[in-house]
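Structural characterization, general
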Amino acid sequence: DIPAFTLNDGTKMPAVGMGCWMGGFGGGARVSAMVKKALEVGYRHFDTASGYGNEEQVGAALRESGIPREQLYVVTKLGGSGHHRVEEAFEESLAKLGIEYVDLYLMHWPQGDCDGRTLQPEDAPTFIDTWKDMEKLLGTGKVKSIGVSNFSIKTLTELLPHCKIVPAVNQVEAHPFLPQVELKNFCEDKGILITAYSPLGRPPSGQPPTVPTEGVPSLLSNSTVVGITEKYKVTPAQVLLSWGVQRGTPVIPKSENEERMRANITLLHLDETDMKVLDTEHTKPGLHRSLMSYHSTIGGQGSVFGWTYEQM
Ligand code: A2P
């Protein structure tokens, strides 16, 4: 059985979920096939977003499985264009999914869109008002938990004084090259659970993480990670995902391949030495800086909108 994490509102989230982001085109029939297969393999936690353009396919596959709703954990997210019309955007997501409630509704990014333009750091933030509207959704019974995604210490520090409900989750990119140590400590202190997206290391866009391009090292072929696989007779992905869960973060790797799906829910217990080695991998000279600049320029947290990591 996949272990679960308890959120600050008492609900439980399976520790491994299926990430349903498929790139800009949404995935179409591929998403349907992936969710169907994942359910057969034993996944019960599915992570999508209005911005992924595939809530319909994800929802249909979940419903067609016949698995009782209470056994599933469904996450979707409010897009930037929904910041000023939360209830309507939420109802659209729910209708597309075709389910009675979502388990967790996340604000996808702190930045909202205004008149077709993504708000910039110098603009007044909308996320406080947006969060207040998300809090109201809880009363409808159509959302079990609410949280945020891609929030930094900076944006959380702005948000938290205004919260009646503390976000249950902050979903961010996290893996040994980008362990988000300060953010994780900050969130733990406030009772916010970090969910790790791209837990196998974020590849250059469109590439699987096995393909190192543009000088970005691959975590799956990282010598520290590979060294640990030999000891436990597992794959690099299993080491990375086990590290993530063992340090206290649910992980949501995407995979369309049955064998990799199975591997990704088969976790192991890493000993303290291996955990420490993975914890410090990002401090190796060169790596941290090159990845940070990579992440802050072409695809990392916040960077899609041209914000630097620090501004987030
Ligand atoms: P595939 O679907 O072919 O398995 P994300 O960062 O969005 O979670 O994407 C994960 C990427 O890693 C996907 O490209 C996926 O490709 C690949 N992947 C998933 N699981 C594994 C695994 N166990 N070993 C190697 N690659 C994996």
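Right above here is the structure, for reference.
Presented here is a report on the structure given in the accompanying data block. (Residues numbered from 1 in each chain as written. Predicted model: local features only at pLDDT ≥ 70, side-chain atom pairs only at ≥ 80, totals over all residues. Heavy atoms only, no water.)

A tally of regular secondary structure across the protein gives 11 helices and 11 strands. Among the 312 residues that make up the protein, the fraction classed as buried is 53%. (Helix = DSSP H or I, 4+ residues; strand = E, 2+ residues; numbered from the N terminus. Buried < 20%, exposed > 50% of the residue type's maximum accessible area, 1.4 Å probe, protein only.)

What follows concerns the nonpolar core. For soluble globular proteins, the rule of thumb is that nonpolar side chains tend to be buried together. Counting residues in hydrophobic clusters, the biggest one holds 79 residues, and the most contacted among them are V35, Y43, F46, Y105 and L156. If sequence neighbours within four positions are ignored, Y43 has contacts with V16, G17, M18, A38, M261, N264 and I265. (Core = buried A, V, L, I, M, F, W, Y, C linked by side-chain atoms within 4.5 Å. Contact = heavy atoms within 4.5 Å.)

A few words now on empty space enclosed by the protein. Scanning the model with the defined rule gives two cavities of 30 Å³ or more in all. Taken as a whole, the second largest cavity holds about 30 Å³ of empty space. Contributing to the lining of the second largest cavity are A174, H175, P176, A196, P199, L240, W243, G244, R247, T249 and V251. Counting residues per element, the lining of the second largest cavity draws most heavily on helix α8 (residues 236-246), at three residues. By residue class, the composition of the lining of the second largest cavity is seven nonpolar, three polar and one charged. (1 Å grid on protein atoms, 1.4 Å probe; cavity = no way out; pocket = protein on both sides within 12 Å on 5 of 7 lines; lining within 4 Å. Points joined across faces, edges and corners; volume = space filled by probe spheres on them. Nonpolar A, V, L, I, M, F, W, Y, C, P; charged D, E, K, R; others polar.)

Moving on, we get to the pairing of strand β5 (residues 73-78). Among the six residues that make up β5, six are buried, leaving the element largely enclosed by the rest of the structure. Judged from the three bridges that link them, strand β4 (residues 45-47) and β5 form a sheet pairing that is parallel. Within the sheet, the bridge partner assigned to F46 lies in β5 and is V74. After leaving β4, the chain enters helix α2 (residues 55-65) and then returns to the sheet as β5, a path that is right-handed. Considered for its hand, the β-α-β crossover made up of β5, helix α3 (residues 86-97) and strand β6 (residues 102-107) is right-handed. (Pairing = 2+ DSSP bridges. Right-handed = clockwise from strand over helix to strand, strands pointing away.)

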